[in-house]
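# Per-entry structural report
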Amino acid sequence: MAVIMRPYGPDSPDNARDQAFKSPSMVSTAPVLNAGEAPATKAMGDIPGRDACLPARSRLANKSLTAYGTSVPIGPEVMYWTKRDVTSLPGLRERARRSTPQRKCRRLALRRRRIIMKAAVIASFGEPSVLQVAEAPRPVPGPGQVLVRVHAAGVNPAEILARAGAFRLRAPAIIGFEFAGVVEAVGPGVDEGVVGDRVAGWPDSATQGSYAEYTVSSNFATIPDGVSFEEAAATVIGADNAARALGLMNLRPGETLVVTGASGALGSAAVQFARQRGVTVIGVAGTANADFVRSLGATPVAHGPGLVDRIRAAAPGGVDAALDTAGKGLLPALVDLLGGPDRIVTLADRDAAQHGVAFSAGGSENRDRGPVQEALNLIAAGAWTARIDRSFPLDEAADAHRLVATGHTHGKVILIP
Ligand SMILES: NC(=O)c1ccc[n+]([C@@H]2O[C@H](COP(=O)([O-])OP(=O)(O)OC[C@H]3O[C@@H](n4cnc5c(N)ncnc54)[C@H](OP(=O)(O)O)[C@@H]3O)[C@@H](O)[C@H]2O)c1
C-alpha cells in the first residue's frame, strides 16, 4: 500500500478575493454616505433604496454585458460589481456622470463597497480569542462558484490548528472548512437553477471560509428534505475523509475493522460506511461515548492502557484492518494487533511513515461530494446519524474552539452565523 506523505489541511490557494479583506480595525463602521442616500444596513441583500434604482441598474448591466462581453453575473447580483468594474468600462464613467438614473447606479456600485457581512475574522493567529466577529466584504462568486448564505458551519480540529497559526494562512482570514446553507447567487458558468437550493460542502478558499454569513464554493452536495443544516454541516468533512480512507483498505463484507476515534466526526462516519458495507466494526472511543458507538452498530472498546487486549477480547475471531482517526499515538498498538502495517490507514497520525502506515491526506484536489451526498441521503432515510454536541452563535466562536480543543466532544460542534 502506498504511503501518502502529503500533509493534510486546507490547501486551497488563497485567491485574489482574500486580499479584499480589511482587518476588523480597518472595517468602517460609519460609512460615508452620498447626499440623499440611506445608510447601508448590515443585513446582506437589504439595501435601502435599491428598488428605486433597479430598472436602470438592470439596463446598465445588460448593456455592459452585451457591449463588452463581460461574464459578471447580472440581475440582483449586479450589486457585486466593484466600483472599478463599472467605471473602467469604456464610456460608462462619462455616461454615469451625465445621466441621472445612471448616476444612481454608479452610487449603487460605490455603495457595493459597503456590501458587508458578519464574520468571525482572524486579524492575527493565536488563542481562541483571536476569533472576533467583525464586518467583512461579502465574497463574490467567480466562474463555477456559488455564493452560499451559510446557516451552519462545522467546527473541526484542523480549524483549531489554523486559528493557532499552524497552516500559515494569510491574515486577516475567515476560516471554516465546511458549511451548510442556501445558494444565494451563482457565478459565471453555473446554472441559475441552483439558486435557492440547500447545499453542504467546502468553501473554495481557506481564508474565505464558513465562519461567516456568506462563503463561495464550487464543491457541494444537495441537502435532502428532512435533514437540518446542522446535521448537514456536521457530515461533510467526516463522510469525505472516512470514505476516502476506507477506499484504500479493500474491505470485504464479513471482515472485522477497528476504527479508533469512533465517536468523532471522522470515526463515526467510518463506522457507519463500514457497517453499510457489511463489515464488522470494533469502535475505540471514550467510555462516555460507548453507547453512541454501539448505536452506530459497532462494538465499543475504551481507549487507554490495555487497548490491544480489550480489542482482542471484543474480536475473538481476529481483526482484518484498522482505521485510525484519533491520531493519539495508537499506531504501534494497531501494528501489534494486526501483525504489520499493511492494512492500517491513519487520517490523523503524522508519525505514520515511522510505522510504515499509510496516511490518507485530504485536500481541495481530492474532495469527493459523492460520499457526502450518500451520507446526507442516509440521514434523510433515517439510516445515518450526524450527532451534534452543541451549536454556538458566531460571536461565541472562541468558546466553540475551546470545546473542540478538548478532543472529547459528544458530537459535532456547530457555529451558526
Ligand atoms: N487526513 C485528513 O485529511 C483529515 C481530515 C480531517 C480531519 N483530520 C484529523 O482527524 C482527526 C479526527 O478529527 P474529528 O473531526 O473526527 O475529531 P473529533 O470529532 O474531535 O473526534 C476525536 C476522536 O478522538 C478520540 N480521542 C480523543 N482522545 C483520545 C485518546 N487519547 N486516545 C484515543 N482516542 C482519543 C475521541 O474519543 P472520545 O471523545 O470518545 O474520548 C474522538 O472519538 C483530527 O486529528 C483531525 O485533525 C484529518
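### Focus on the environment of P300
Within the secondary structure, P300 is located in strand β10 (residues 299-302). Accessibility expressed as a C-beta count within 10 Å gives 23 for P300, which makes it buried. Considered as a pair, P300 and V284 are 16 residues apart in the sequence and their alpha carbons are 5.9 Å apart. Excluding anything up to four places from it in sequence, P300 contacts G283, A285, A290, V293 and R294.

### Some details on the confidence of the model for the protein chain
For the protein chain, the mean per-residue pLDDT works out to 81, and 73% of the residues sit at or above 70. Taken as a whole, residues 1-93 scores under 50 in pLDDT and shows 129 contacts with residues more than four places along the chain or in a different chain.

### Observations concerning the pairing of strand β1 (residues 116-122)
A regular strand places its side chains so that they alternate between the two faces of the sheet. The buried count for β1 comes to seven of seven residues, which makes it a mostly enclosed element. Where burial is concerned, the two faces of β1 agree: the one with I116, K118, A120 and I122 and the one with M117, A119 and V121 are both buried. With seven bridges connecting them, β1 and strand β2 (residues 131-137) associate as antiparallel partners. Each bridged residue has a counterpart across the sheet, and for M117 the counterpart in β2 is A136.

### Details of the sheet that holds β10
Strand order in the open sheet made by the six strands is β10-β9-β8-β11-β12-β13, with parallel pairing throughout. Edge positions in the open sheet fall to β10 and β13 (358-359), since each of these has one partner strand only. Where strand β8 (residues 256-260) and strand β11 (residues 321-324) come together, four bridges link them in parallel fashion. Bridge pairing in β11 places T260 opposite D324. Those strands touched by helix α10 (residues 307-314) are β8, β9 (280-285) and β10, and its axis lies near 160° from that of β10.

### Some words on helix α13 (residues 397-405)
All of the buried residues in α13 are A397, A400, H401 and V404. Seen from one end, α13 has its buried residues packed into an arc of 100°, which puts them on one side. Looking at the residues trailing α13, positive phi occurs at G407, about 80°.

Reading the values: rules and limits
- All chains use their own residue numbering, which begins from 1 and follows the written sequence.
- Side-chain atom pairs in this predicted model are given and counted only at pLDDT of 80 or more, local residue features only at pLDDT of at least 70, and totals for whole chains, interfaces and linings cover all residues.
- In DSSP terms, a helix is any run of H or I states spanning at least four residues, a strand is any run of E spanning at least two, and both are numbered starting from the N terminus.
- Here a residue counts as buried when 20 or more other C-beta atoms sit within 10 Å of its C-beta, as exposed when there are 12 or fewer, and as partly exposed otherwise, the C-beta atoms being derived from the backbone.
- By the convention adopted here, residues make contact when the C-beta atoms placed from their backbones lie within 7 Å.
- Per residue, pLDDT captures the predictor's confidence, and it can take any value from 0 to 100.
- Pairing between strands is defined by DSSP: at least two bridges between the two strands are required.
- Every angle, taken between N-to-C directions, lies between 0 and 180 degrees, and every axis is a line fitted to C-alpha atoms, over only the stretch in contact when it is a helix.
- Here the arc refers to the directions that run from the helix axis out to each C-beta atom.

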